[in-house]
Amino acid sequence: MSEEEITTNYIIYDTLEDALVKADAEGARRGYAYHRVGSGTRYKTYPQVTADDKYALLVNGYELTEDEESAITTTVTFPEPEFV
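A brief structural summary. (Residues numbered from 1 in each chain as written. Predicted model: local features only at pLDDT ≥ 70, side-chain atom pairs only at ≥ 80, totals over all residues. Heavy atoms only, no water.)

1. Focus on the packing of aromatic side chains
Then, in step 1: If you walk through the whole model with that rule in mind, you get two aromatic pairs.
Then, in step 2: Judged by centre distance (5.9 Å) and plane angle (65 degrees), the ring pair of Y10 and F78 falls under edge-to-face. With Y10 in strand β1 (residues 10-13) and F78 in the segment after α3 (66-70), this pair connects stretches of sequence that are 68 residues apart.
Then, in step 3: Centroid distance Y43 to Y46: 5.5 Å. Interplanar angle 65 degrees. Geometry classified as edge-to-face.
Then, in step 4: Classification of Y43 by relative accessible area gives partly exposed; the value is 22%.
Then, in step 5: Relative accessible area serves as the criterion here: at 46%, Y46 is assigned to the partly exposed category. (Phe/Tyr/Trp six-rings, centres within 6.5 Å; stacked < 30°, edge-to-face > 60°. Helix = DSSP H or I, 4+ residues; strand = E, 2+ residues; numbered from the N terminus. Buried < 20%, exposed > 50% of the residue type's maximum accessible area, 1.4 Å probe, protein only.)

Written out as structure tokens, the structure reads:
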């Protein structure tokens, strides 16, 4: 039995708002509680800011259009964590 390699797929958005539109649509498609009763889980994944101030949305398991499929990247640079 071999180990299956899991690829992490992201789509990069210029704004948080654009990334949230996709995340929200996926949550609605999945029937998450927020979309059914107005509270509870809303997003499958939440966008994360990248090192160049864009927003990476983890889209593994998302239903994607052909354009979105072609926009997938597997490498993202996130900012270094700030320690207080």
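2. A word on the sheet that holds β1
Then, in step 1: A sheet is described by the order of its strands in space; here three strands give the open sequence β1-β3-β2, paired in antiparallel fashion. The open sheet has two edge strands, β1 and β2 (48-49), and neither has a second partner.
Then, in step 2: Sheet topology places β2 next to strand β3 (residues 55-58); two bridges connect them, and they run antiparallel. Paired with V49 across the bridge in β3 is Y55. (Pairing = 2+ DSSP bridges.)

3. Things to note about the pattern of salt bridges
Then, in step 1: This model, assessed by the stated rule, comprises six salt bridges.
Then, in step 2: Here D14 and K54 are joined by a salt bridge, their closest N and O atoms 2.8 Å apart. Linking D14 in the loop between β1 and α1 (16-29) with K54 in the loop between β2 and β3, this pair joins segments that are 40 residues apart in sequence.
Then, in step 3: Its relative accessible area of 53% is what places D14 among the exposed residues.
Then, in step 4: Its relative accessible area of 29% is what places K54 among the partly exposed residues. (Salt bridge = Lys/Arg side-chain N within 4 Å of Asp/Glu carboxyl O.)

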